[in-house]
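Given next are the chains, with one letter for each unit.
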Amino acid sequence: MAASMDIQMDQLPSDPLLHILSFLSFRDLINCSFVSRRLNDLSKHNPLWKSLCSKHWLLTEKERLQSGESWFSLFKQYYKDLGRYIQYYPVLKKAWEQLKSFLQQRCPRMIASLKEGATEVELNDIEAQIGCRLPEDYRCSYRIHNGQKLVIPGLMGSMSLSNHYRSEVLLDVETAAGGFQQRKGMRRCLPLTFCFHTGLSQYMALEPAEGRRMFESFYPCPDQTSQDPSSVDMFITGSCFLEWFTTYVHNVVSGEFPIIRDQIFRYVHDKSCVATTGDITVSVSTCFLPELSSAHPPHFFFTYRIRIEMSSSALPEAACQLDSRYWKITTSDGNVEEVQGPGVVGEFPVMTPGKVHEYASCTTFSTPSEYMEGHYTFHRLANKEEVFQVAIPRFHMVCPPFRQVVPSQKASTSFTPRIDNRHDDYDDDSGDFCGDGDDFGDLRGINMAALEGAWCPRHI
């Protein structure tokens, strides 16, 4: 009976068999090649491996033609080199390609700063140097691009507020290994990013030590209430490298993070944070600044960016000028504070049809979250007696998750309610993002040329 069935299968036409084989994984397809000579021949059918090359290695017909190889041969070549990363490679390769495509015209300096991928030998040498295994998703990404050169602006985002500036470089693996931490409080932590101006780095925990979870990424946050210098809390930014990197790329290519002066600014815009009053629309985006924040004592620093736009279809007589602002701030423990004052960051913008005015300000608070809302008061230029209010949408600011590294003998993670009287609009000299040309200021006090290609000493 078995022999009869074998004969019947051998007599089946190729098309239905190939159709069945097309549903198999590459491992199952290889296993089928050992069943019979007929299946061995069919399992090498080029169209089967074309789809697998596209799925796992993102290869195109153009790349195959340039190689002069069959799809089956190409798959074997890539698997021999990158097979250990096959579950991560298509996701990370796609993320890198999307990021480069998006930044090519918008931030060409960033693309030029990317380094070629590291080799397996180089990554193995780094593991031997630091005495720790690198996670597979991290290794996979660094096979594609070995971080970036130490230049400004950094690939991992910037922030500017008055005289405070941050721009984070994605470190190459050799530089990261040089900053590998063995000191108490930061044991077995590898830096992922670095900012020349603040000394700020994001780290990845390579082992589950001192209260950290393996492979999660974080900003270290020293406990300012502790006399122990090794007492380090952390603001958590991702559960693993893959999540950390692909989430950031998504925020960039989706337009979540705005591009300003060839730099990626990590403002987060909630699409519901938009309010229109008559011809004027107000929208808000926010950013948490870990380098100016602490968990103990609880002190969380946010900057927010507000865009005020008058519709281009508005009538000329609708032109108006902003006179004052009013804020209502509510913290997560229910406390309410009200603030009002003239203008915004010391200015009284005039709004005409099609005009956009943007500015940045900041706030601090001592509870895990708060939200702000309010209104601007305007008067018409044609009739100063005509005064009206424009709504500012409610926007929430929530500090990222944070954890105590050594829970014992430290302050509790619960917060003591405290209202900081610092919610008034910050006089931000370089943060006036006006739509009429003066949109970013001069990044005052920063010698950009001196930083190109140079490692700068840490300063805060």
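Residues numbered from 1 in each chain as written. Predicted model: local features only at pLDDT ≥ 70, side-chain atom pairs only at ≥ 80, totals over all residues. Heavy atoms only, no water.

Let's shift gears to the overall build of the chain. The helix and strand tally for the chain stands at 14 helices and 21 strands. Burial status across the chain gives 52% buried among its 460 residues. At a minimum sequence separation of 6, the contacts of the chain that also span at least 24 residues come to 65%. Accessible area of the chain: about 21600 Å², with a carbon and sulfur share of 52%. (Helix = DSSP H or I, 4+ residues; strand = E, 2+ residues; numbered from the N terminus. Buried < 20%, exposed > 50% of the residue type's maximum accessible area, 1.4 Å probe, protein only. Contact = heavy atoms within 4.5 Å. Areas by Shrake-Rupley, 256 points an atom, 1.4 Å probe, with all protein chains shown as cover.)

To continue, consider the sheet that holds strand β4 (residues 164-170). Across the sheet, three strands lie side by side as β3-β4-β6; this open sheet has antiparallel pairing. Where the open sheet ends on each side, the last strands, each with one partner, are β3 (158-161) and β6 (193-195). Here the average twist between neighbouring strands, direction ignored, is 20°. Pairing geometry for β4 and β6, over three bridges, is antiparallel. Within the sheet, the bridge partner assigned to Glu168 lies in β6 and is Cys195. (Pairing = 2+ DSSP bridges. Axes fitted to C-alpha atoms, helices over the stretch in contact; angles between N-to-C directions.)

For the rest of this paragraph, the subject is the packing of helix α8 (residues 89-106) against helix α13 (residues 241-253). Their axes nearest at 10 Å, the elements α8 and α13 cross at an angle of 30°. Relative to α13, the element α8 lies roughly parallel. Crossing hand, α8 versus α13: left-handed. Residues Val91, Leu92, Ala95, Trp96, Gln98, Leu99, Phe102 and Leu103 of α8 touch α13, and the partners they reach there are Phe241, Leu242, Phe245, Thr246, Val249, Val252 and Val253. In terms of residue class, the contact of α8 with α13 is made up of 13 nonpolar, two polar and no charged. (Parallel < 35°, antiparallel > 145°, perpendicular 65-115°, else oblique. Left-handed = near helix turned anticlockwise from the far one by under 90°. Nonpolar A, V, L, I, M, F, W, Y, C, P; charged D, E, K, R; others polar.)

Before going further, it helps to examine the pattern of salt bridges. Taken as a whole, this structure holds 23 salt bridges when the rule is applied. Of the charged contacts, one joins Arg84 and Glu136 as a salt bridge, the two residues approaching to 2.7 Å between their closest N and O atoms. With Arg84 in the loop between α7 (71-82) and α8 and Glu136 in helix α11 (residues 136-144), this residue pair connects regions lying 52 residues apart in the sequence. Of the residues examined, Arg84 reaches a relative accessible area of 38% and is grouped as partly exposed. Glu358 is the partner of Arg305 in a salt bridge, and the nearest nitrogen-oxygen pair spans 3.2 Å. Pair noted here: Arg305 is in strand β14 (residues 300-310) and Glu358 is in strand β18 (residues 356-365), with a separation of 53 residues, a long-range link. (Salt bridge = Lys/Arg side-chain N within 4 Å of Asp/Glu carboxyl O.)

Before going further, it helps to examine α8. Along an α-helix, residues three or four positions apart point the same way, because every turn accommodates 3.6 residues. When the terminal C-alpha atoms of α8 are compared, their 26 Å separation across 18 residues agrees well with the 26 Å that a helix rising 1.5 Å per residue should span. All buried positions along α8 are accounted for by Tyr89, Pro90, Leu92, Ala95, Trp96, Leu99, Lys100, Phe102 and Leu103. (Expected span 1.5 Å × (residues − 1).)

All right, on to the sheet that holds β18 then. Where strands meet in a sheet, backbone hydrogen bonds hold them as pairs that are either parallel or antiparallel. Spatially, the four strands line up as an open sheet ordered β12-β13-β14-β18, and their pairing is antiparallel. The sheet is open, and its two borders are formed by β12 (268-277) and β18, each paired with just one other strand. With strand direction ignored, the average angle separating the axes of adjacent strands in the sheet is 20°. Strand direction decides the pairing type here: β12 and strand β13 (residues 280-288), joined by six bridges, are antiparallel. Bridge pairing links Val268 to Thr286 in β13.

Applying the stated rule across the entire model yields 28 aromatic pairs. Through pairs of rings, three or more aromatic residues link up here, namely Phe26, Trp49, Trp57, Phe72, Phe75, Tyr78, Tyr79 and Tyr89. Here the basic side chain of Arg106 rests over the ring of Phe102, its NZ or CZ set 3.9 Å away from the ring centre. (Phe/Tyr/Trp six-rings, centres within 6.5 Å; stacked < 30°, edge-to-face > 60°. Lys NZ or Arg CZ within 6 Å of the ring centre and 35° of its normal.)

Within the secondary structure, Ser201 is located in the loop between β6 and β7 (203-205). Excluding residues that lie within four positions of it along the chain, Ser201 makes contacts with Pro191, Thr193, Phe194, Phe218, Tyr219 and Pro220.

With that out of the way, let us pick up the nonpolar core. Soluble globular proteins tend to bury their nonpolar side chains together. Core analysis: the largest hydrophobic core is formed by 67 residues, its most contacted members being Trp49, Leu103, Leu134, Tyr138, Leu155, Phe241 and Phe245. Excluding its chain neighbours within four sequence positions, the residues that come into contact with Leu103 are Pro108, Met110, Ile111, Leu155, Val252, Ile259 and Ile264. Counting residues in hydrophobic clusters, the runner-up holds 39 residues, among them Tyr219, Leu322, Met351 and Phe365. (Core = buried A, V, L, I, M, F, W, Y, C linked by side-chain atoms within 4.5 Å.)

Under the 1.5 Å per step criterion, the end-to-end length of α13 is 18 Å for 13 residues, consistent within 8% with the ideal 18 Å. Among the residues of α13, those classed as buried are Phe241, Trp244, Phe245, Tyr248, Val249, Asn251 and Val252. Take α13 and look down its axis: the buried residues cluster within an arc of 160°, on one side only. A positive backbone phi angle near 85° is found at Gly255, which sits one or two residues after α13. (Arc of directions from axis to C-beta.)

Residue position: Ala205 is located in strand β7. Sequence-wise, Ala205 and Phe215 are ten residues apart; in three dimensions their C-alpha atoms are separated by 4.9 Å. With near-sequence residues (within four places) excluded, Ala205 lies in contact with Arg188, Cys189, Arg212, Arg213, Met214, Phe215, Glu216 and Phe218.

Detailed reading of the predicted coordinates is not advisable wherever pLDDT is low. For the chain, per-residue confidence averages 85 on the pLDDT scale, and residues scoring 70 or more make up 85% of the total. Confidence drops under a pLDDT of 50 for residues 407-460, and excluding neighbours within four residues, the segment shows 152 contacts in the predicted structure. (pLDDT = per-residue confidence, 0-100.)

On the basis of relative accessible area, Arg305 is assigned to the buried category, the value being 11%. Residues Arg305 and Ser361, 56 residues apart in the sequence, show an inter-C-alpha distance of 6.5 Å. Among the polar contacts made by the side chain of Arg305, one reaches the side chain of Glu358 at a distance of 3.2 Å. (Polar contact = N/O pair within 3.5 Å; in protein donor to acceptor, adjacent residues only side chain to side chain.)

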